[in-house]
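# Close look at the chain arrangement
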Amino acid sequence: MGLQAALHLLYPPQCLTCDALVTTDFGLCGPCWRETPFITGLVCDLCGTPLPGEDPGHTVHCDDCLTLARPWARGRAALLYKDNGRRIVLALKHGDRLDLATPAAGWLRQAAAPILAPEMLVSPVPLHWLRFLRRRYNQAALLSAALARLAGLDHCPDLLTRPRNTRSQEGRSREGRYENMAGAIRPHPRHTARMRGRKVLLVDDVMTSGATLAAAAEACLTAGAAEVSVAILARVAKQP
Ligand SMILES: [Zn+2]
Ligand SMILES: [Zn+2]
C-alpha cells in the first residue's frame, strides 16, 4: 500500500468546502461542485470572463476589455467570484484555509492551459509589505507558487513590489480604482534582469476592474518583459 493510500485510510479525503467525504484528493463533493461556478466554454481572451455563444474560431473580448486599457496580452480565470467561488477566495484570503491554494492552483492551471508557455516566468501580484506583515502571507503568492510547481514553470515570488500602500479599492468607481493604483507597483530592482525579454505570467486571486493587474503588467513591461499574461482565480463579472 502506498503512503497516500495509507493516509487515506487514516484521514479519508474530505470535500474542500464541506464535511462530506470524497473519493479523490483535492476534490469537491457533488453538491459543492455544482455550487462552484467554474468558468467553461467561450471566454474573453483578456480577462477570462465567460461569454455567450459558441466558439467563433477567433479571439473574442468582453465589453470591458474592448473599452479599458489592458496592458497584458491574454488572460484566464478559473471561477466566477460568487457562491462557492467567492467562499473559496475569502477562505484563502483570510488565512483560515491555506490548504486551498494547491487545489485552486490546479483549477487555475486547467483554465490557463491555453495561454501557458514553457518559458514563462510566473509571479504574484504583490501586496504592500504592511499588509503582508499583518496577514503574514500573500494569497496570490501561494497560488502562483503552486501554479508554477504544477505547470513546471519558473517562479519568482517578488518580481514586483508595492512600495506605496494604496488605500483599499473597495467602494471606488472604476476610474477611482485606476487612479488609486497608478504607479503603485514597481519591478523589484533585483529581478528586473530576470524578466527582460521574457514572457511573464501574473497571478492574482481576484480581478474586479483590472486596475491592479494593469499596474502590475505595466511594471513588468517597463522592466523589459516581452509579454505579460494573467491568471486569476476568480473573476468578478457582471451578471449576464
Ligand atoms: Zn462538499
Ligand atoms: Zn474581458
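The structure this text deals with has already been given above.
In this report, the structure presented in the accompanying data block is examined. Bear in mind that the values here come from a model prediction, so they are computed numbers and not experimental data. (Residues numbered from 1 in each chain as written. Chains lettered and ligands numbered in written order. Predicted model: local features only at pLDDT ≥ 70, side-chain atom pairs only at ≥ 80, totals over all residues. Heavy atoms only, no water.)

### Some details on the packing of aromatic side chains
Considering all chains together, one arrives at two aromatic pairs under this definition. Seen from their ring centres, Phe 38 and Trp 107 are 5.1 Å apart, and the 90 degrees between their planes marks the pair as edge-to-face. One end of the pair, Phe 38, is in the loop between α2 (30-35) and α3 (63-67); the other, Trp 107, is in helix α5 (residues 101-112), with 69 residues separating them in the sequence. With relative accessibility at 22%, the residue Phe 38 sits in the partly exposed group. For Trp 107, a relative accessible area of 10% gives the class buried. Aromatic ring contacts, followed pair by pair, group Trp 33, Phe 38 and Trp 107 into a single cluster. (Phe/Tyr/Trp six-rings, centres within 6.5 Å; stacked < 30°, edge-to-face > 60°. Helix = DSSP H or I, 4+ residues; strand = E, 2+ residues; numbered from the N terminus. Buried < 20%, exposed > 50% of the residue type's maximum accessible area, 1.4 Å probe, protein only.)

### Quick notes on the coordination of the zinc ion (ligand 2)
Distances from the zinc ion (ligand 2) to its protein donors, namely Cys 44 (SG), Cys 47 (SG), Cys 62 (SG) and Cys 65 (SG), fall within the range 2.3 Å. The site at the zinc ion (ligand 2) holds four donor atoms, and with the angles between them running 105 to 117 degrees, its shape is tetrahedral. For the zinc ion (ligand 2), all donor residues lie on one chain, and their spacing in sequence is C-x2-C-x14-C-x2-C. Of this pair, Cys 44 sits in the loop between α2 and α3 while Cys 62 sits in the loop between α2 and α3, and the two are 18 residues apart along the sequence. Of the two residues, Cys 44 and Cys 62, neither departs from the other in class, the shared state being buried. (Donors = N, O, S within 2.8 Å, 3.2 Å for Na, K, Ca; no water. Tetrahedral: all angles 85-135°; square planar, octahedral: opposite > 155°, others 65-115°.)

### Side note on helix α10 (residues 211-222)
Counted at 1.5 Å a residue, the expected span for α10 with its twelve residues is 16 Å, and the 16 Å between its end C-alpha atoms agrees. Of all twelve residues in α10, nine are buried; the element is thus mostly enclosed. Buried residues in α10 make contact with β4 (160-161), α8 (174-181), β5 (186-187), α9 (192-195), β6 (199-207) and β7 (227-235). Phi turns positive, to about 100 degrees, at Gly 224, one or two residues after α10. (Expected span 1.5 Å × (residues − 1). Contact = heavy atoms within 4.5 Å.)

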